[in-house]
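# Analysis of the macromolecular model
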Amino acid sequence: MPEIRIENLTHTFGKGQPNELTVLDNINLTFESGSFNAIVGTSGCGKSTLLKMMAGLFAPSDGSMKLDDQIIQGTDRRRGMVFQQDAVFPWMTVSKNISYGPRLRGASAAEQREIEAKWTQAVGLKGFENRWPRELSGGMRKRVDIGRVYANDPDVLLMDEPFGALDAQTKERMQSDLLETWGQSRKTVVFVTHDLEEAIFLADKIVVMSARPGRVHHIEEVSLPRPRTDAMRLTDEFIQIKRRLWEMLDH
Amino acid sequence: MNKNTAFNSKRVILGCLSVAAVIAIYALVTSRPDNNPALLPPITDIITSFWTNLTSGSLLTALGASLFRISAGFLIGTTLALVLGCLIGWYRNIEYLFDPLIEAVRPIPPLAYIPLIIIWFGIGEFSRVLIITIACFMVCVVNVIAGMKNVPAVYEDAASTMGATRFQVFRTVAVPAATPFIITGYRVALAAAWTTLVASELLAAQNGLGFLLQEGRRYFLTDQVMMIIMIIGACAFIMDRIFRKIQAHLMQWSETRE
């Protein structure tokens, strides 16, 4: 099972130039196999940058990132990513979006049908298989995004504020549904957010980052039992964690 | 659906209204006693000219010749533009290679090549098709390149994190994402084809719509000139409509309305 290890990672934009900017400073982190991890921090702490590096979209200037002792270099289907922006392909129907990854690798038509049926069902889009993305709400498009990444069967799921643009109710619903999907396969998840409640509700481990330059400020182990329920959001334990983390963030 | 039909019929009615108004004003002006029919031929003369040219076969021959030139030039020009534009817009090195050339050549009006083309290739069919091809290519390639450059980065990132190779991203993401621009390029190319067609036929042709225009000027057949202008307008209009249908079909996924 996959384990992510980040060692002495530093990233500087425009290194060697007069206006160089260090966004990440000496980060050391381990994300264990099958765990759900969150990274929180105010804007400018480099949390999205860190996540994109894990995806292999660009390389750090110093230090290393490894997945199962293999150095992360370039993108790979093993590390799937859900983006903050809408990344659903508008020129494909819902089911074509879902089966995009398998199709890349030459899955047969029958395999594609099977995957489409399984994942449209799993992310709650049954009945919308042949719709164009423009016909869906923002929340449903995010479901397509998540279903598409799951259908591609990665080992690691990287999520960059995926629910940031959704309204509060939709967001809570999406969080519960995400946990349910995750519970069935227990992929390693790294979830970036600036929403403390979201982080506490979802994660086993929360990395709190401080800004300018981005550093690991604190690591919070969340011991709330699983499966998590919405009622837990109002328990003393939940609120205590929230208060503790809130005081740590630079306001 | 109902609303759409209402919208469309309203559109057709209003569209016809402006055309009818122009015809009515023209009829009014030409019916005045002091009108010179040699300059402004009455509508009946234009219709008569249409009929004589139609029955003698000269109109259909001309139309056939012109449509052949347009189709050939348009198909060759846009196909080249599609292939080259996609490559230039996507692969950095190919862009570096061709971009200065295209930017330098782009401002030159296609008609400026006519003297050179005549010197090199004479005044045959090849030369006329070549001029149209150049015109179609130049306007189309610019749009295709713009389309490829406007592909949102998040689509590329999404595809590559799902394991797509660079070429797969090109084929399955960049090209489809660029279709709105590509289709615009094709439509502009169609208009450019008509513009250059008439110019190339005015200069050197023994048949075609441009030739009939030239003949009308030479023998002072103003009614024939008017008639050809309307035929060209009608043909270009019909072609554009057909194109819009194809566009609507290809762009079902897009939020932008026609």
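Residues numbered from 1 in each chain as written. Chains lettered and ligands numbered in written order. Predicted model: local features only at pLDDT ≥ 70, side-chain atom pairs only at ≥ 80, totals over all residues. Heavy atoms only, no water.

- As recorded by an unreviewed UniProt entry, chain B carries the name ABC transporter permease and is attributed to Paracoccus onchidii.
- The UniProt entry for chain B carries the following text under Sequence similarities (unreviewed entry): "Belongs to the binding-protein-dependent transport system permease family."
- According to the UniProt record, the Subcellular location (unreviewed entry) comment for chain B reads "Cell membrane". (UniProt positions renumbered as here; feature names shortened; annotations may be inferred.)

- Naming follows an unreviewed UniProt entry, where chain A appears as ABC transporter ATP-binding protein of Paracoccus onchidii.
- According to UniProt, the comment filed for chain A under the heading Sequence similarities (unreviewed entry) is "Belongs to the ABC transporter superfamily."

### Things to note about the packing of aromatic side chains
- Inspection of every chain in the model, using the stated rule, returns 18 aromatic pairs over all chains.
- Their ring planes at 70° and their centres at 5.1 Å tell us that Phe121(B) and Phe126(B) sit as a pair that is edge-to-face.
- Judged by relative accessible area, Phe121(B) falls into the partly exposed class, the value being 41%.
- Grouping aromatic residues by their ring pairs yields a cluster made of Phe89(A), Trp91(A), Tyr100(A), Tyr155(B) and Trp253(B).
- Positioned above the aromatic ring of Phe201(A), the side-chain terminus of Arg233(A) is 3.9 Å from the ring centre. (Phe/Tyr/Trp six-rings, centres within 6.5 Å; stacked < 30°, edge-to-face > 60°. Buried < 20%, exposed > 50% of the residue type's maximum accessible area, 1.4 Å probe, protein only. Lys NZ or Arg CZ within 6 Å of the ring centre and 35° of its normal.)

### Re the sheet that holds strand β1 (residues 4-13) of chain A
All names here are of chain A.
- Sheet architecture is open: four strands sit in the order β2-β1-β4-β5, paired in antiparallel fashion. Where the open sheet ends on each side, the last strands, each with one partner, are β2 (21-31) and β5 (70-71).
- Bridge analysis of strand β4 (residues 62-67) against β5 gives two bridges, and the strand direction is antiparallel. Bridge pairing in β5 links leucine 67 to glutamine 70. (Pairing = 2+ DSSP bridges. Helix = DSSP H or I, 4+ residues; strand = E, 2+ residues; numbered from the N terminus.)

### Quick word on the interface of chain B and chain A
- Each side of the interface is counted separately: chain B has 19 residues, and chain A has 24 residues.
- Together chain B and chain A conceal approximately 1,900 Å² of surface at their shared face, both sides included; 67% is due to carbon and sulfur atoms.
- Counting the surface chain B buries against chain A, the share from its top three residues, Thr161(B), Met162(B) and Trp253(B), is 39%.
- There are zero salt bridges connecting chain B and chain A.
- Our count for the contact surface shared by chain B and chain A stands at eight residue pairs in polar contact (both at pLDDT 80 or more).
- Mapped onto the side of chain B that touches chain A, the elements with two or more residues apiece are α7 (153-161) and α8 (166-203) of chain B.
- No other element matches the seven residues that α7(B) contributes to the side of chain B that touches chain A.
- Counted by class, the side of chain B that touches chain A contains ten nonpolar, seven polar and two charged residues. (Contact = heavy atoms within 4.5 Å. Buried area = accessible area lost by both parts, 1.4 Å probe. Salt bridge = Lys/Arg side-chain N within 4 Å of Asp/Glu carboxyl O. Polar contact = N/O pair within 3.5 Å; in protein donor to acceptor, adjacent residues only side chain to side chain. Nonpolar A, V, L, I, M, F, W, Y, C, P; charged D, E, K, R; others polar.)

### Notes on helix α4 (residues 109-122) of chain A
Residue and element names in this part refer to chain A.
- Between the first and last C-alpha of α4 there are 20 Å, a value that for 14 residues agrees with the 20 Å anticipated at 1.5 Å per step.
- Here α4 has its buried residues at Gln112, Glu116, Trp119 and Thr120. On an axial view of α4, the arc spanned by its buried residues comes to 100°, and they lie on one face. In α4, those exposed residues whose orientation departs by more than 90 degrees from the buried face are Ala110, Glu114 and Lys118.
- Of the residues trailing α4, glycine 124 is marked for its positive phi of about 80°. (Expected span 1.5 Å × (residues − 1). Arc of directions from axis to C-beta.)

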